[in-house]
Every structure is written in C-alpha cells, then in structure tokens.
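Okay, here's what each chain looks like letter by letter:
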Amino acid sequence: MPVSYRKSKMFRRSRVMRVSWNVWKPRIVFWIGAIAIGFVSVGFALAADRAQDFFIQLTELGPYAFLLPLVLTPAGFALCAWLAFAVFPNTQGSGIPQAIAARHLRNDTHRLGLLSLKLAVGKIVLTIVGLFCGASIGREGPTVQVGASIMLAVGRVGGMAQARGLILAGSAAGIAAAFNTPLAGIVFAIEEMSRTYESRANGLVLTAVILSGLAALGLVGSYTYFGETSVMATSHLDWAMVAICGICGGALGAAFSAGAIRASRRIRRWAHPSPLKRMVWLAAGCGLAVAVIGLISGGQTFGTGYKEASAMLEGATVSPTFFIEKLGATFLSMISGIPGGIFAPSLSVGVGLGATLGTLFGASIALSALLGMAGYFAGVVQAPMTAFVIIIEMTGDHEAVIPIMAASMLGYITSRMLSPEPLYHGLSRAFIAASIRARRADQQAGSARSQGDAVTDT
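None of the values given here were measured: they were computed from a predicted structure. (Residues numbered from 1 in each chain as written. Predicted model: local features only at pLDDT ≥ 70, side-chain atom pairs only at ≥ 80, totals over all residues. Heavy atoms only, no water.)

(A) Examining the side chain of Ser-346 more closely. Within the secondary structure, Ser-346 is located in helix 14 (residues 343-361). Given a relative accessible area of 2%, Ser-346 falls into the buried group. The contact partners of Ser-346, leaving out residues within four places of it in the chain, are Tyr-376, Phe-377 and Val-380. (Helix = DSSP H or I, 4+ residues; strand = E, 2+ residues; numbered from the N terminus. Buried < 20%, exposed > 50% of the residue type's maximum accessible area, 1.4 Å probe, protein only. Contact = heavy atoms within 4.5 Å.)

See the structure below:
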C-alpha cells in the first residue's frame, strides 16, 4: 500500500474523530450539567429543611425561647440583605425574575451579572440563612436561578451558543427537581419563563428535566410533595366552592402581585441615594415585623408553611386568620430584599384561604384547601397551566383534576382583570433596565476613550 494513501486514510480517520468529539462534547457536558442540577436541588432542599427545623427547635428550648425571633429574625434579615447587596448582587428575591431578564439580554457579560456560579452559591447559602432566621420564603424559586446559572456555565464549557435555550432548560430542571414535578417543570418553562412555545428549545428542556429528575429520584426516591390526597367534587356545594375559591384566590393573588410590583418600584426609588444602608435597615424592619406576626400566629407563619398546608390538605381545621398572617409575612419577606422564593409560602396561603372558605360555607376543608391553593397560586403567578399541573403532581390527586383546572383558570382570569402585569415579568424589568443602563455606560466610556485616543494621535 502506498505511503501517501496510508497517510491520507489516517488523516481522514483523525478528522472524523475530531468532528465526532466536537459533536458529542456539548451533549455530554449538557447531560452532566442537568444531572448536577438534580443533585444540587436535592442538597439545597435537605439543607433548607434542616435550617427551618433548627429555627423551630431554638424557639422551643426554654420558657422564653419563643421570644428569640424578635432578635434573630431582624438580625438575620439585615445580614442577608447586606450580603445580597455587597457580596452577591442580584441574588435578591425569588431568582425567577433574574432568569427571565437574562433571557432578554444578548450580552454574555450582562447575563453573568444575573446568572453565574458565584451567584448560585450565594443564593443557596442566603436562602438557607433566611429560613434559619424564620423568613417566610421558599427554596423553589431560588432553585430556578441556581439551575439556570449551572446550565449557562455548562454551556460555556461545552461551547454551546444557545444561551436562551440553556436558561430555559436550567430553569425547568430546577423546578422539576425542587418539587419532584417533571411535567410542571416543562409547563413552567413554556408558560412562565418564555411565554411562548419554542420548538428549538423543547429538546433541551425535556432532556434537562429527565436527567435532573432521575438524579433527584436516585437520591430521595419517588415521592409527592404534599403526600397522597384523594378528594373529589361530588355535591353542588363542592362545585360552588370551585368558583368561590377560584375567584377569591385570584383576587387575593392579584392584590399580592400588584402590591409587590408597586412596593419594589417605590423601594428602589427610596433607596437610590444610599441603597446598601437603606436596604439593610429596611430588611431589619421587615424582619422585626415578620417576627411579630410569627409570635401572634403561634409560630405558624415562620418558614415555608409546608407543615400547616399539609395538615389542612388532610382536613385539619385552621385559624381563620392564618392565610392573612402568612400573606403578610410573605409580603414583608419579599420586599425586604433578602434572597428567597414565594412558591411554597404562596401555596400555604392559598391552602389557608381555601380551608377558611370551606369552614365558612360548611364544605369539605380538604377539597376547599386544594381549590384555594390552585386559585391563589394561579392568581399570583398568572400561569394557570403551571398551577394546576404542579398541584396535581404535588398531591397525586387525580380525582379532582377538573375542579383544580377550573379553579386555576378562574384564579388566572380574575387576577388578569385586576392586575394585568404578571408578577415575575414585572419584577424582571428592573434587572433589564439596569443592564441597559450598564450597556449605555460602557458605550459612553468606549466612545470617550476613542475620542481621547484620537486627540492623542493628532
């Protein structure tokens, strides 16, 4: 065989191998990233639960230990706010608005200001600290920012240019692993994150959800977030509660959403002269108010509200003021500027509202709690498909699919009529505006340098 032929054959083979590796490298790196999101989400969930349990144990150590939140909660809020502004900027709040804003940005540098591994670490740590201090927050929204940050970092390592699709996939994987709700993760990505169906990103989203879900299943097994429930609408009163809970939940959700958007805008203007100092003082004040509400409620409004919601979904009676107290604690925790989500607290508010309405009208408390959760959650996030899918997956209740869907839709319609601007998209505008200002400042600085160089040359 001629030497030239052997050399050409070896060259073609090595070229095929290089091409093959270039094709498979981004896929393998992407798969690793999706699995990593599952592991991180499970670890985050376990640490958050431990922090919340530890806070409750501290308040039960002695006869006066129940007063500990009056000191610990405002101090913890102030610490989290200071770290969020000084060390981990753009970790404030839920994290979903940051992920939405990052999808609208085209500059990788500006995206890194909202989604990075450093911010992911800060988000996890500060959310855990917030729960340890009794904040009425959840870890599901932060998992979205963490998942999107991991996936965006993975995309850079793997040489993937689909930043928007990667953010979408990471967000969906985060929700799926946080709640163990794979379908809800996909629906959330389509309905809430993008507001449109993107056929080019569907493969990324589906793959990320499957792999992160498998990783979570491997660590904690198969489970439903609120356990198994089995209630159904059988009487005329039950179907009347669908309308009552859906409309009332949507109205209350709209009030929360509109109030949060307006409050955040006013707080930004108020804090502008000295943002760090003023936001730390605001956080301390909100923390003190959250502690007072917690003491009035007997400690029920601290943390995510998971235990209280689970009890009501099983038919347990509830204080008629619980949902109001929990809503107030959640609203204060949100506007304080500390990292933390509103998914889990919103679910408990909705459950409390539904249970109270069920008691008032003499209906099934368990069914009313389920319907109230659907109506209020859909009213807050204005994403009805995400609401009913996530609730069905969290409760495993397939007997009440139609009532849950109807309550979610009524909650969404009512909320849209009262507050047209969706919560997360309204909050994301501040991050987009900040990025635009930064881009203009960079352009002006570059123009000034060019003019200076021109003068020097002349």
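Here the narrative resumes.
(B) Expanded view of the environment of Ala-173. Residue position: Ala-173 is located in helix 7 (residues 163-179). With 25 residues separating them in the primary sequence, Ala-173 and Ala-148 have C-alpha atoms 8.5 Å apart. Those residues in contact with Ala-173 that lie beyond four places of it in its chain are Ile-37, Ala-208, Val-209 and Ser-212.

(C) Geometry of the packing of aromatic side chains. Inspection of every chain in the model, using the stated rule, returns six aromatic pairs. Between the aromatic rings of Phe-188 and Phe-343, the centroid separation amounts to 6.2 Å while the plane-to-plane angle is 80°, which identifies the pairing as edge-to-face. Residue Phe-188 is found in helix 8 (residues 182-194), and its partner Phe-343 is found in helix 14; the two are separated by 155 residues along the sequence. The same class applies to Phe-188 as to Phe-343, namely buried. An aromatic cluster of at least three residues, connected via ring pairs, comprises Phe-188, Phe-343, Phe-377 and Tyr-424. (Phe/Tyr/Trp six-rings, centres within 6.5 Å; stacked < 30°, edge-to-face > 60°.)

(D) Expanded view of the UniProt feature "transmembrane region" (unreviewed entry) in the protein chain. The UniProt record annotates "transmembrane region" (unreviewed entry) at residues 63-88, 112-137, 166-190, 202-227, 239-258, 279-298 and 342-367. Summarising residues 112-137: 65% helix, 0% strand, and an end-to-end C-alpha distance of 25 Å. Annotated as residues 342-367, this span is 85% helix and 0% strand, and its ends, taken at the C-alpha atoms, are 23 Å apart. (UniProt positions renumbered as here; feature names shortened; annotations may be inferred.)

(E) Here's a closer look at the pattern of salt bridges. Under the counting rule described, the total for this entry stands at four salt bridges. Of the charged contacts in the structure, one is a salt bridge between Arg-265 and Glu-421, with a shortest N-O distance of 3.1 Å. With Arg-265 in helix 10 (residues 236-271) and Glu-421 in the loop between helix 17 (401-418) and helix 18 (423-457), this pair connects stretches of sequence that are 156 residues apart. Judged by relative accessible area, Arg-265 falls into the partly exposed class, the value being 31%. On the accessibility criterion, Glu-421 (22% relative accessible area) is partly exposed. With a closest N to O distance of 2.8 Å, Glu-421 and Arg-429 form a salt bridge. Overlapping salt bridges, with partners in common, bring together Arg-265, Glu-421 and Arg-429 in one network. (Salt bridge = Lys/Arg side-chain N within 4 Å of Asp/Glu carboxyl O.)

(F) Spatial organisation of the packing of helix 3 (residues 96-104) against helix 6 (residues 140-158). Look at helix 3 against helix 6: their axes get within 7 Å of each other, and the N-to-C directions meet at 35°. Taken together, the residues of helix 6 that come into contact with helix 3 (itself represented by Ile-96, Gln-98 and Ala-99) are Gly-141, Val-144, Gln-145 and Ala-148. Of the residues contributing to the contact of helix 3 with helix 6, the split by class is four nonpolar, three polar and no charged. (Axes fitted to C-alpha atoms, helices over the stretch in contact; angles between N-to-C directions. Nonpolar A, V, L, I, M, F, W, Y, C, P; charged D, E, K, R; others polar.)

(G) Geometry of unusual backbone geometry. Here Asn-90, not a glycine, exhibits a phi torsion of approximately 75°, which is positive. On the secondary structure map, Asn-90 appears in the loop between helix 2 (69-86) and helix 3. One non-glycine residue, Gln-382, lies in positive phi territory at about 50°. Along the chain, Gln-382 falls in the loop between helix 15 (365-381) and helix 16 (384-395).

(H) Fine view of helix 15. Spanning 17 residues, helix 15 covers 24 Å between terminal C-alpha atoms, matching the ideal 24 Å at 1.5 Å per step. By the criterion of burial, helix 15 is predominantly enclosed, with 17 of the 17 residues buried. Its side-chain oxygen placed 3.3 Å from the backbone nitrogen of Leu-367, Ser-364 serves as the N-cap of helix 15. Positive phi appears at Gln-382, one or two residues downstream of helix 15, with a value of about 50°. (Expected span 1.5 Å × (residues − 1). Polar contact = N/O pair within 3.5 Å; in protein donor to acceptor, adjacent residues only side chain to side chain.)

(I) Inspection of a positive patch on the surface at higher detail. Taken together, the side chains of Arg-262, Arg-266, Arg-268, Arg-269 and Arg-437 make up a positively charged region of the molecular surface. In terms of residue count, helix 10 provides more of the positive patch than any other element does, four residues in total. Mapped onto the elements, Arg-269 comes out in helix 10. Residue class for Arg-269 comes out exposed when judged on its relative accessible area of 58%. (Patch = residues over 30% accessible without salt bridge, like charges linked within 9 Å, V, L, I, M, F, W, Y side chains within 5 Å. Areas by Shrake-Rupley, 256 points an atom, 1.4 Å probe, with all protein chains shown as cover. Lys, Arg positive; Asp, Glu negative; His and termini not counted. Charge placed at Lys NZ, Arg CZ, Asp CG, Glu CD.)

(J) Expanded view of the packing of helix 14 against helix 15. Following both chains from N to C, one finds helix 14 and helix 15 inclined at 135°, their axes separated by 6 Å at the closest point. On the basis of the axis angle, helix 14 is oblique to helix 15. Helix 15 is crossed by helix 14, and the crossing has right-handed handedness. Here Phe-343, Ser-346, Leu-347, Val-349, Gly-350, Val-351, Gly-354, Ala-355, Gly-358 and Thr-359 of helix 14 come into contact with helix 15, specifically with Ile-365, Ser-368, Ala-369, Gly-372, Met-373, Tyr-376, Phe-377 and Val-380. Residue classes in the contact of helix 14 with helix 15 are distributed as 11 nonpolar, seven polar and no charged. (Parallel < 35°, antiparallel > 145°, perpendicular 65-115°, else oblique. Left-handed = near helix turned anticlockwise from the far one by under 90°.)

(K) Spatial organisation of the nonpolar core. Phe-343 and Leu-423 are the most contacted members of the largest nonpolar core, which has 75 residues in total. It is helix 15 that provides the largest number of residues to this core, a total of 13 residues. Core analysis: the next-biggest nonpolar cluster, separate from the first, contains 26 residues, Ala-81, Ala-263, Met-279 and Leu-332 among them. (Core = buried A, V, L, I, M, F, W, Y, C linked by side-chain atoms within 4.5 Å.)

(L) Geometry of the environment of Met-373. If you trace the backbone, Met-373 turns up in helix 15. The exposure class assigned to Met-373 is buried, which follows from its relative accessible area of 0%. For the pair Met-373 and Leu-313, spaced 60 residues apart in sequence, the C-alpha to C-alpha distance is 9.7 Å. If sequence neighbours within four positions are ignored, Met-373 has contacts with Phe-226, Leu-313, Leu-347, Gly-350, Val-351, Ile-391 and Thr-395.

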